[in-house]
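# Structure at a glance
Here's the letter readout for the chains.
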Amino acid sequence: MLKHAVLALFLCLGSLTAAAAQEATPETTAAPDRSGTGGAQTLEDILARQRGEKIDDSFRRNATGDPDAAAAIAAQLGTLGGASDSEVYRALRYGSADVTVSNDGPASNVLIQDSGMRWLEFRQGPLATYGGYALLGMIVLLLLFYLLRGKIRIDGEKTGRKILRFSSIERFGHWLFAGSFLLLAFTGLIVFFGRKGLIPLLGKDAYAQLALISKWIHNNVAWAFMLGLVMITVMWLVHNIPNRHDLKWFAVAGGLFSKNVHPPARKFNGGQKIIFWSCVVLGVSISISGLSLLFPFELPMFAKTFVVLNDTPIPGWLGLGTLPEQMPPHQEMQLSQAWHAIVAFLFMAIIIAHIYLGSVGMEGAFDAMGSGEVEEQWAREHHGLWVKELEEKGKTATASGGQHSPAE
Amino acid sequence: MKTMFLAFAAVIVIAIAADQILQRAGFSAAERTISDSVRLK
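All values derive from a computational prediction rather than experimental measurement.

### Some points on the overall build of chain A
- When helices and strands are counted, chain A shows 14 helices and three strands.
- Within chain A, the fraction of its 408 residues that count as buried is 29%.
- The contacts in chain A between residues at least 6 apart in sequence include a share of 72% that link residues at least 24 apart.

### Some words on the interface of chain A and chain B
- Contacts between the two partners involve 25 residues from chain A, matched on the other side by 20 residues from chain B.
- Among the secondary structure elements, those contributing two or more residues to the side of chain A that touches chain B are helix 6 (168-202) and helix 7 (204-236) of chain A.
- Among the elements that line the side of chain A that touches chain B, the one with the most residues is helix 6 of chain A, at eight residues.
- A per-class count over the side of chain A that touches chain B returns 13 nonpolar, ten polar and two charged.

### Looking at the confidence of the model for chain B
- On average, residues of chain B score 81 in pLDDT, and 71% of them reach the 70 mark or higher.
- Among the prediction metrics, the complex's ipTM stands at 0.83, with pTM recorded as 0.80.

### What to know about the packing of helix 9 (residues 270-294) of chain A against helix 12 (residues 329-358) of chain A
All names here are of chain A.
- With their axes 9 Å apart at the nearest point, helix 9 and helix 12 run at an angle of 150° to one another. Taken together, the axis directions place helix 9 and helix 12 in an arrangement best described as roughly antiparallel. Like other packed secondary-structure pairs, helix 9 and helix 12 cross with a definite hand, here left-handed. Residues I275, S278, L282, S285, I286, S289, G290, S292 and L293 of helix 9 touch helix 12, and the partners they reach there are M333, S336, Q337, W339, H340, V343, A344, L346, F347, I350 and H354.
- Of the residues belonging to the contact of helix 9 with helix 12, the class tally is eleven nonpolar, nine polar and no charged.

### Here's the deal with the packing of helix 6 of chain A against helix 7 of chain A
All names here are of chain A.
- Two elements in contact, helix 6 and helix 7, have axes whose closest approach is 7 Å; the angle formed by their N-to-C orientations is 155°. Considering the angle they form, helix 6 stands roughly antiparallel to helix 7. As helix 6 packs across helix 7, the resulting crossing turns out to be left-handed.
- For the contact of helix 6 with helix 7, a count of residues per class yields 24 nonpolar, nine polar and three charged.

### Structural notes on the nonpolar core
Residue and element names in this part refer to chain A.
- Within the largest apolar cluster, 50 residues are counted, with the highest numbers of intra-cluster contacts made by V221 and F225.
- Ranked by residue count, the leading element in this core is helix 12, at 15 residues.
- Listed in part, the 14 residues of the second largest apolar core include I154, M369, W378 and A379.

### Let's talk about helix 7 of chain A
- The end-to-end C-alpha distance of helix 7 of chain A, which contains 33 residues, comes to 45 Å, matching closely the 48 Å that a straight helix rising 1.5 Å per residue would cover.
- The axis of helix 7 of chain A is deflected most strongly, by about 30°, at V221(A).

### Section: the environment of H262(A)
All names here are of chain A.
- Positionally, H262 belongs in the loop between helix 8 (244-251) and helix 9.
- A count of 19 C-beta atoms within 10 Å places H262 in the partly exposed class.
- With 120 residues separating them along the chain, H262 and H382 place their C-alpha atoms 6.3 Å apart.
- Once residues within four sequence positions are removed from consideration, H262 is found in contact with G255, E381, H382 and G384.

So, how was this worked out
- Residues numbered from 1 in each chain as written.
- Chains lettered and ligands numbered in written order.
- Predicted model: local features only at pLDDT ≥ 70, side-chain atom pairs only at ≥ 80, totals over all residues.
- Helix = DSSP H or I, 4+ residues; strand = E, 2+ residues; numbered from the N terminus.
- Buried ≥ 20, exposed ≤ 12 C-beta atoms within 10 Å, placed from the backbone.
- Contact = placed C-beta atoms within 7 Å.
- Nonpolar A, V, L, I, M, F, W, Y, C, P; charged D, E, K, R; others polar.
- pLDDT = per-residue confidence, 0-100.
- Axes fitted to C-alpha atoms, helices over the stretch in contact; angles between N-to-C directions.
- Parallel < 35°, antiparallel > 145°, perpendicular 65-115°, else oblique.
- Left-handed = near helix turned anticlockwise from the far one by under 90°.
- Core = buried A, V, L, I, M, F, W, Y, C linked by C-beta atoms within 7 Å.
- Expected span 1.5 Å × (residues − 1).
- Bend = angle between axes of the 7 residues up to and from the residue.

Structure representation (structure tokens):
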């Protein structure tokens, strides 16, 4: 599932950046004869564009008039200048017009920005479709898993003794991260699918209020998410460095699909390490793109990233050609939004599986983050090496409710 | 469970504090895309 999700991520990025590359670096094909239209675009140009072919649009892009060719100011038609209305609008559309506006905000001199249509079509099309499929697909997979495997029970006999698995500060960091993640996920989905899914149900007025509240929550809870990310990364990084035991864990799929199979694991097993590193990598990526969105036009990152990527063979491997190294401010924001959403869908799909296994899917798992104390037998089955390490340190399990030595 | 609810309370406190700080920093989309000569406020 994860492999397919990563593939989908690359495919989505590929389609988006290919579209961006198309605008910035059009491929040159044989120049058609435009003498019949006086140099303007021909029917073949229009048909080629409608077929989605890459065309060299420099004949339009550069046809923006020539102020020096204007008639003298006192001559007949002199006050009209050297550029026609069409040429002025063409210069505005291709971003080459010398624009002066009263608003001094960032990107305020961009009056026409047609890459926005590609962003809108991507957002309403493949992003919404495949993003929705990813979330629903994960839920269906988990339902199937539950029907086939049932709840994963503690195989051995329970001892009645408890081991402290996560300290208060660890649980605080986890829930800070998890609580903010859930709020961000729900509010993000409300904003993303609102027009299609909620306006027909609630009406525009009610949805407008909901969207406003969601936006406030999304923008401000993001800081708690980032703090939680820092906390869990600092606290658990050392425990999540891959080791040889993980190979044994993956060889039997962690025993998830069979009873009485318990591969050795220390504090975190192979599956939990996948979740941890997903949280760190996706969490950092979504935080950076989120900051770029939170501070409009202040933190453009895609052009710089593409410069670095173009020095590697990666764009070639993905069939993207040369990625655009310069782009208008709004396009930076659009790419940040698209990337933010792509990462969010992947992140949500992974976390749905984590929530399932950490709650209804596995007996005794929630205690680790609920009270912090887990049943000794559960710990021996899922984290046998960790229990041994504790015993070697003289930190043994105690009866429920009794005093215990800290696990860490 | 006490820790979980404490963390959830911290999420709310951080969000309110972030809202106040961001408002004072003038980084809202509205603040960034208007100027005195455009009457959108």
